[in-house]
Amino acid sequence: MTITIYGIKSCSTMKKAFTKLDDLGVSYNFHDYKKQGIDKDSIQRWVKELGIAKVLNKRGTTWRKLEDAQKQAADSDVDKAIDLLTENTSMIKRPIVEGQSVLLCGYDEAEFDTNFT
(Lines give C-alpha, C1' and ligand atoms only; values in the text may rest on other atoms or scores of the structure.)
Protein backbone atom coordinates (compact mmCIF):
# COMPACT_ATOMS: atom_id res chain seq x y z
CA MET A 1 0.00 0.00 0.00
CA THR A 2 1.36 3.42 -0.93
CA ILE A 3 0.25 6.36 1.14
CA THR A 4 0.79 10.10 1.16
CA ILE A 5 1.93 11.86 4.28
CA TYR A 6 1.16 15.59 4.39
CA GLY A 7 2.96 18.09 6.58
CA ILE A 8 6.06 20.20 7.04
CA LYS A 9 9.47 18.53 6.79
CA SER A 10 11.06 20.34 9.75
CA CYS A 11 8.26 19.46 12.20
CA SER A 12 9.37 17.14 15.02
CA THR A 13 6.06 15.26 14.91
CA MET A 14 6.56 14.64 11.21
CA LYS A 15 10.02 13.22 11.89
CA LYS A 16 8.49 10.72 14.33
CA ALA A 17 5.92 9.72 11.71
CA PHE A 18 8.58 9.30 8.99
CA THR A 19 10.68 7.14 11.32
CA LYS A 20 7.70 4.99 12.31
CA LEU A 21 6.62 4.44 8.70
CA ASP A 22 10.20 3.58 7.73
CA ASP A 23 10.46 1.14 10.66
CA LEU A 24 7.20 -0.52 9.57
CA GLY A 25 8.43 -0.77 5.96
CA VAL A 26 5.59 1.38 4.61
CA SER A 27 6.31 3.19 1.36
CA TYR A 28 4.98 6.73 1.20
CA ASN A 29 5.02 9.93 -0.76
CA PHE A 30 5.65 13.14 1.15
CA HIS A 31 3.66 16.30 0.39
CA ASP A 32 5.24 19.40 1.94
CA TYR A 33 2.68 22.14 2.59
CA LYS A 34 5.37 24.81 2.72
CA LYS A 35 6.67 23.99 -0.75
CA GLN A 36 3.61 22.58 -2.50
CA GLY A 37 0.64 24.14 -0.70
CA ILE A 38 -2.59 22.17 -0.43
CA ASP A 39 -5.82 22.31 -2.36
CA LYS A 40 -9.11 23.15 -0.73
CA ASP A 41 -10.71 19.89 -1.93
CA SER A 42 -8.23 17.83 0.11
CA ILE A 43 -8.89 19.84 3.25
CA GLN A 44 -12.65 19.55 2.72
CA ARG A 45 -12.32 15.78 2.34
CA TRP A 46 -10.31 15.50 5.56
CA VAL A 47 -12.71 17.71 7.50
CA LYS A 48 -15.72 15.78 6.20
CA GLU A 49 -14.25 12.47 7.39
CA LEU A 50 -12.38 13.53 10.54
CA GLY A 51 -14.12 16.74 11.64
CA ILE A 52 -12.77 20.27 11.87
CA ALA A 53 -11.81 19.84 15.53
CA LYS A 54 -9.37 17.07 14.57
CA VAL A 55 -7.86 18.80 11.51
CA LEU A 56 -7.53 22.37 12.82
CA ASN A 57 -4.56 22.81 15.14
CA LYS A 58 -5.46 25.47 17.70
CA ARG A 59 -2.36 24.85 19.80
CA GLY A 60 0.15 26.34 17.35
CA THR A 61 1.49 29.85 17.06
CA THR A 62 -0.26 30.48 13.73
CA TRP A 63 -3.68 30.08 15.39
CA ARG A 64 -2.66 32.17 18.38
CA LYS A 65 -1.51 34.99 16.10
CA LEU A 66 -4.87 35.26 14.33
CA GLU A 67 -7.15 38.16 15.12
CA ASP A 68 -10.04 37.32 17.44
CA ALA A 69 -12.51 37.96 14.61
CA GLN A 70 -10.78 35.35 12.45
CA LYS A 71 -10.85 32.80 15.28
CA GLN A 72 -14.54 33.47 15.94
CA ALA A 73 -15.36 33.13 12.24
CA ALA A 74 -13.50 29.81 12.06
CA ASP A 75 -15.24 28.55 15.19
CA SER A 76 -18.69 29.44 13.90
CA ASP A 77 -18.38 28.46 10.22
CA VAL A 78 -16.56 25.35 9.00
CA ASP A 79 -16.20 26.80 5.49
CA LYS A 80 -14.35 29.82 6.88
CA ALA A 81 -12.17 27.48 8.91
CA ILE A 82 -11.34 25.52 5.77
CA ASP A 83 -10.45 28.76 3.96
CA LEU A 84 -8.10 29.65 6.84
CA LEU A 85 -6.47 26.22 6.64
CA THR A 86 -5.97 26.62 2.90
CA GLU A 87 -4.28 29.99 3.44
CA ASN A 88 -2.38 28.99 6.60
CA THR A 89 -1.25 25.39 6.14
CA SER A 90 0.68 25.54 9.42
CA MET A 91 -2.70 25.29 11.17
CA ILE A 92 -3.38 21.82 9.77
CA LYS A 93 -2.64 19.22 12.42
CA ARG A 94 0.35 17.11 11.41
CA PRO A 95 0.77 14.66 9.97
CA ILE A 96 -2.16 13.84 7.75
CA VAL A 97 -1.65 10.31 6.45
CA GLU A 98 -3.89 9.29 3.58
CA GLY A 99 -4.09 6.05 1.66
CA GLN A 100 -6.64 3.90 -0.10
CA SER A 101 -8.26 2.71 3.12
CA VAL A 102 -6.72 4.96 5.77
CA LEU A 103 -6.94 8.58 6.88
CA LEU A 104 -5.07 9.56 10.02
CA CYS A 105 -4.54 12.98 11.56
CA GLY A 106 -1.81 13.57 14.11
CA TYR A 107 0.85 11.14 15.23
CA ASP A 108 -0.25 8.28 17.46
CA GLU A 109 2.23 5.40 17.47
CA ALA A 110 -0.43 2.80 18.36
CA GLU A 111 -2.67 4.04 15.56
CA PHE A 112 0.19 3.72 13.09
CA ASP A 113 0.89 0.18 14.33
CA THR A 114 -2.77 -0.77 13.98
CA ASN A 115 -3.13 0.61 10.46
CA PHE A 116 0.21 -0.41 8.96
CA THR A 117 1.11 -3.83 10.40
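Residues numbered from 1 in each chain as written. Predicted model: local features only at pLDDT ≥ 70, side-chain atom pairs only at ≥ 80, totals over all residues. Heavy atoms only, no water.

**Notes on the overall build of the protein**
Here is the rule: Every helix listed is a DSSP run of H or I at least four residues long, and every strand listed is a run of E at least two residues long, numbered separately from the N terminus. With the radius of gyration taken over C-alpha atoms, the globule rule is written as 2.2 Å times the number of residues to the power 0.38. Think of it in three bands: with a 1.4 Å probe and only protein chains considered, a residue is buried below 20% of the maximum accessible area for its type, exposed above 50%, and partly exposed in between. Contacts between residues were defined by any pair of non-hydrogen atoms, one from each residue, lying within 4.5 Å.
A tally of regular secondary structure across the protein gives eight helices and four strands. Mapped in sequence order, the helices and strands of the protein form the string β-α-β-α-α-α-α-α-α-β-β-α. A globule of 117 residues ought to have a C-alpha radius of gyration of about 13 Å, and the protein, at 14 Å, matches this closely. When the backbone C-alpha atoms are referred to their principal axes, the protein occupies close to 45 × 25 × 25 Å. Taking all 117 residues of the protein together, 39% fall into the buried category. When contacts within the protein are restricted to residue pairs at least 6 apart in sequence, long-range pairs at least 24 apart make up 64% of them.

**Looking at the pattern of salt bridges**
Quick reminder of the rule: What makes a salt bridge here is a side-chain nitrogen of Lys or Arg within 4 Å of a carboxyl oxygen of Asp or Glu, nothing more.
This model, assessed by the stated rule, comprises five salt bridges. Put simply, Asp 113 and Lys 20 hold a salt bridge, and the shortest N to O gap is 2.8 Å. Here Asp 113 is found in helix H8 (residues 109-116), whereas its partner Lys 20 is found in helix H1 (residues 12-23), with 93 residues between them in sequence. A relative accessible area of 27% means that Asp 113 is categorised as partly exposed. For the salt bridge of Arg 45 with Glu 98, the shortest nitrogen-to-oxygen distance reads 2.7 Å. Here Glu 98 lies in strand E3 (residues 96-99) and Arg 45 lies in helix H3 (residues 40-50), a separation of 53 residues in the sequence. Residues participating in the shared-partner salt-bridge network are Lys 20, Glu 109 and Asp 113.

**Section: unusual backbone geometry**
Across the junction of Arg 94 and Pro 95, the peptide omega takes the value -10°, indicating a cis bond. Following the sequence through the fold, Pro 95 ends up in the loop between helix H7 (78-87) and E3.

**Notes on the state of the cysteines**
In a disulfide, the sulfur atoms of two cysteines are held together by a covalent bond. Rule in force here: The term disulfide is used for any two cysteine sulfur atoms that are within 2.5 Å.
Counting across every chain of the model gives zero disulfides. No disulfide involves Cys 11; its nearest neighbouring cysteine sulfur is the one of Cys 105, lying 12 Å away. The exposure class assigned to Cys 105 is buried, which follows from its relative accessible area of 3%.

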